[in-house]
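The chain contents come next:
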Amino acid sequence: MVDSSTQLLSQPNSSNSFAQQPHQDDEQISTISSIVEECIGELNWTQLLQVFLVSFAWFFDGQQTFITIFTDAQPSWHCANQTGSRFASNNSCESTTMSTKRASICELSKDLWAWDESKQVSIISEWSLECVNTIITGLPASMFFTGCLIGGIVLATLADASLGRKNMIFYSCLLMSFSSFLASFSTNIWIYSALKFVCGFGRSTLGTTTLVLASELVSKRWRGQVGVFGFLVCTLGFLTLPPIAYLNKGSSWRNLYIVTSLPGILYCILVYLFLHESPRWLLIRGRKEEAIKVLKSITSLSLTTQSDYLDLAISNIMPLKEETMKVDLYSTFKILMQNRWSSRRIMVIIAMGLGIGLVYYGMPLGVGMLSFNLYLSVTFNALLEIPSTILTFIFIHKFNRKSMLLFLTTLSGISSVLASIEVTNFTISLQLVFELVSFFCAYTAYNVLIIFGSELFPTCVRNCALSLLRQAVALGGTISPMLVGAGREHNNKFLCYGILGLAIGFLGLFGLCLPETKDKAFCDTMDEEEESK
């Protein structure tokens, strides 16, 4: 059997060809994409370990994104024993119904009712927020997503510019985890909300940079699969929250932040010590020696051939344009927006990300409106992410991206609107089914859109573009707690589920304006991407 490295060296773009055909057309031998694809070779254990290490950042992302579902929940309460006492029917604690319970608790004297569990189970009971405006109680969750939004704008270009992918992941995860740890020591909702903002600020580019780095460490054949693997890890992080919260039931909400933040800090140490930088990013930044070192550590080429091949192949890369080599904090946005095709693409995926974000983050926050067990309903939502991820893994190479997005956003919108309708006595279970279908479709659409977005833009601006997409999704997360709060306050599910459904259904139609990217190779510069259209 012929060795794979021998086959590679005998191909037109091998190192022998570079030596034997010096007058060959430059474009054939000089693109970063083609060189990196050949140098990386087939998927091996080193690449798999790197993908696993970088993708595990999604685990902590998933935990911190949805942790407020439990820490900021409205606790249950009961009427206090009043032996021998009797109250007028319009003020009696016993006359309170489930549909008016929140309003009634604020009308009762504090000696007539009590929390079912310790006051420390939620910020609502510990800080006596049961009767404040829903804008205040929803402030921590909104501040978290506001931090994601602002952080995404401020930090979006750093992974493409000065910091690179690895350092961006390290600092982002460290800031997210450390601020989450500090949140456990908050003394009031204002300090707590400020720390949630910092947590969201740090988290803002974590998932984006993780996906980009994982995709750039493997060949295009495995790009979709490693992206889906990150989504699966995020799902596992989300899925750990209900059992952790259930085990902590009756205890302080602060324990949840301690348990979920300390492992994240330890993970940052592993990233710093063992994670490799993207060879593509190193090459477009002109750091060829470092790129060769990384490629040698992850390539599937044999030890006897890799050194000469990598050195000669990378030395034949054409000099890049100055705008590609000198990308800074602001020029990345300029490069992205100065071309008509790239600015149109970014605006379209931002619009779609907003609609998907509204449903993806709004649905889990609104499950309490369905009068269903909080732990079970959140668990159902988290469990649905597993088949969603598996289906994405299976269908991402069988169907084109545009058709999948149109189908998923439309079905999610219809299901969300149906979840807001009350017709019969069986609507609680039926509404939960529609809620789960809508969440399932929104999460699957999110997975597809992230992969789609990574294929729409070249390496020099890819992280920036995906960061803007994630910030659009985060903007949806910022708005959704307000819609959920309005729905609870007015006891009107349409203000929550109805509006969410209309938004994702309408904004999903924008995907028709994008080009299809299925089976398309990564481009590394703006010129390459424009020529490939």
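The protein chain appears in an unreviewed UniProt entry as Major facilitator superfamily (MFS) profile domain-containing protein from Arachis hypogaea. Quoted verbatim from the Subcellular location (unreviewed entry) field of the UniProt record, the comment on the protein chain reads "Membrane".

**Q** Mind laying out the overall build of the protein chain, listing which residues take part and the relevant values?
**A** Looking only at helices and strands, the protein chain features 28 helices and two strands. Out of the 533 residues in the protein chain, the part that is buried amounts to 56%. Sequence separation of 24 or more characterises 84% of the internal contacts of the protein chain that already satisfy a separation of 6 or more. Of the roughly 22000 Å² of accessible surface on the protein chain, 64% is carried by carbon and sulfur atoms.

**Q** Outline the side chain of Ser 454, listing residues and values.
**A** Relative to the assigned elements, Ser 454 resides in helix α25 (residues 427–456). There is a polar contact of 2.7 Å between the side chain of Ser 454 and the backbone oxygen of Ile 451. In contact with Ser 454, other than residues within four places in its own chain, are Arg 462, Leu 466 and Phe 522.

**Q** Quick rundown of the packing of aromatic side chains? Include the residues and the values.
**A** For the structure on display, the rule yields 31 aromatic pairs. Taken together, a centroid distance of 6.2 Å and an interplanar angle of 45° make the contact between Phe 56 and Tyr 267 tilted. With Phe 56 in the loop between α5 (45–55) and α6 (57–66) and Tyr 267 in helix α16 (residues 254–274), the pair connects residues that are 211 residues apart, well separated along the chain. Each ring, one from Trp 58 and one from Phe 231, has its centre 5.5 Å from the other, and the planes form 90°; the classification is edge-to-face. Here Phe 231 lies in helix α15 (residues 223–247) and Trp 58 lies in helix α6, a separation of 173 residues in the sequence. Across this residue pair, the class does not change: Trp 58 and Phe 231 are buried. Grouped by ring-pair contacts, the aromatic residues Trp 58, Phe 66, Phe 144, Phe 145, Phe 231, Phe 238, Tyr 360, Tyr 361, Phe 439, Tyr 443 and Tyr 446 constitute a single cluster.

**Q** A description of the pattern of salt bridges should follow, citing residues and the corresponding values.
**A** On inspection of all chains with the given rule, the structure shows eight salt bridges. The partner of Glu 529 in a salt bridge is Arg 345, and the shortest N-O contact between them spans 3.1 Å. Taken together, the residues Glu 529 in helix α28 (residues 526–532) and Arg 345 in helix α22 (residues 340–366) connect sequence positions 184 residues apart. A single burial state applies to Glu 529 and to Arg 345, both of which are buried.

**Q** I'd love a proper account of the packing of α6 against α15, names of residues and values included.
**A** Between α6 and α15, whose axes approach to 7 Å, the crossing angle comes to 45°. Classed by the angle they form, the pair α6 and α15 counts as oblique. The handedness of the crossing between α6 and α15 comes out as right-handed. Contacts between α6 and α15 involve Trp 58, Phe 59, Asp 61, Gly 62, Gln 63 and Phe 66 from the first element and Gly 230, Phe 231, Val 233, Cys 234, Leu 236, Gly 237, Phe 238, Thr 240, Leu 241 and Ile 244 from the second. Partitioning the contact of α6 with α15 into residue classes produces 10 nonpolar, five polar and one charged.

**Q** A description of the nonpolar core should follow, citing residues and the corresponding values.
**A** Grouped together as the largest cluster of nonpolar side chains are 115 residues, with contacts concentrated most on Ile 169, Leu 336, Ile 349 and Phe 457. When residues of this core are assigned to domains, at least three map to each of domain 1 (42–75 + 116–277) and domain 2 (328–532). Trp 77, Leu 108, Leu 112 and Trp 113 belong to the second largest nonpolar core, which has six residues in total.

**Q** Before we move on, could you go through the environment of Ala 73 and cite the residues and values that matter?
**A** With respect to the secondary-structure elements, Ala 73 resides in the loop between α7 (68–71) and β1 (77–79). The class of Ala 73 is buried, set by a relative accessible area of 16%. On a C-alpha basis, the gap between Ala 73 and Gly 138 in space is 9.9 Å, while along the polypeptide they are 65 residues apart.

**Q** Can you explain the packing of α5 against α6? Please cite residues and give values.
**A** At a minimum axis separation of 4 Å, α5 and α6 run at an interaxial angle of 20°. What the angle tells us is that α5 and α6 run roughly parallel. Along the contact surface, α5 presents Leu 53, Val 54 and Ser 55, while α6 presents Ala 57, Trp 58 and Phe 59. Its residues placed into classes, the contact of α5 with α6 shows five nonpolar, one polar and no charged.

**Q** Give a detailed account of the environment of Cys 199, specifying residues and quantitative values.
**A** With respect to the helices and strands, Cys 199 occurs in helix α13 (residues 189–203). Placed 27 residues apart in sequence, Cys 199 and Ser 172 show a C-alpha to C-alpha distance of 9.1 Å. Those residues in contact with Cys 199, other than ones at most four positions away along the chain, are Gln 64, Phe 144, Met 176, Ser 179 and Ser 180.

**Q** Go over the confidence of the model for the protein chain with me, naming the residues and quoting the values.
**A** Looking at the protein chain, pLDDT values average 79 and 79% of them are 70 or higher. Considering each helix and strand of the protein chain separately, the mean pLDDT is smallest for helix α1 (residues 4–9), with a value of 34, and largest for α16, with 96. Contacts for the low-pLDDT stretch residues 83–91, under 50 throughout, to residues beyond four places or in other chains number five contacts. When the criterion is pLDDT under 50, residues 96–103 qualifies, and its contacts beyond four places in sequence or with other chains add up to nine contacts.

About the thresholds
Here, residues in each chain are numbered from 1, in the same order as that chain's written sequence. Totals for whole chains, interfaces and linings use every residue, but because this is a predicted model, local features are given only for residues with pLDDT of at least 70 and side-chain atom pairs only at 80 or more, for both listing and counting. The basis for every side-chain value is the complete set of non-hydrogen atoms in the structure, without hydrogens or water. UniProt positions are given in the numbering used here, feature names are shortened, and annotations may be inferred rather than shown by experiment. In this text, helices come from DSSP runs of H or I with a minimum length of four residues, and strands from runs of E with a minimum of two, each type numbered from the N-terminal end. Residue burial is assigned from relative accessible area. The probe radius is 1.4 Å, only protein chains are included, and a residue is buried under 20% of its type maximum, exposed over 50%, and partly exposed in between. The contact criterion used is simple: two residues touch if any of their non-hydrogen atoms lie within 4.5 Å. To measure how exposed things are, a 1.4 Å probe is used in the Shrake-Rupley method; for residues, cover is taken only from the protein chains shown. Polar contacts, as counted here, are pairs of nitrogen or oxygen atoms within 3.5 Å of one another; within protein the pair requires one atom able to donate a hydrogen and one able to accept it, and residues that are adjacent in sequence qualify only if both atoms are side-chain atoms. Centres within 6.5 Å make a pair out of two Phe, Tyr or Trp rings, where for Trp the six-membered ring is used; the pair is then stacked when the planes are under 30 degrees apart, edge-to-face when over 60, and tilted otherwise. We define a salt bridge as a contact between a side-chain nitrogen of Lys or Arg and a carboxyl oxygen of Asp or Glu at a distance within 4 Å. Between the N-to-C directions of two axes lies an angle of 0 to 180 degrees, each axis being a line fitted to C-alpha atoms and, for a helix, fitted only over the stretch in contact. Each angle receives one of four descriptions, namely roughly parallel if under 35 degrees, roughly antiparallel if over 145, roughly perpendicular if within 65 to 115, and oblique otherwise. Crossings are sorted by hand: turned counterclockwise from the far helix by less than a right angle, the near helix makes the crossing left-handed, and turned clockwise it makes it right-handed. Polarity classes work like this: nonpolar for Ala, Val, Leu, Ile, Met, Phe, Trp, Tyr, Cys and Pro, charged for Asp, Glu, Lys and Arg, and polar for all others, with Gly in that last group. The criterion is simple. A nonpolar core is a set of buried Ala, Val, Leu, Ile, Met, Phe, Trp, Tyr and Cys residues joined through side-chain atoms within 4.5 Å. What marks off one domain from the next here is an automatic or database domain assignment. For every residue, the pLDDT score states the predictor's confidence, bounded by 0 at the bottom and 100 at the top.

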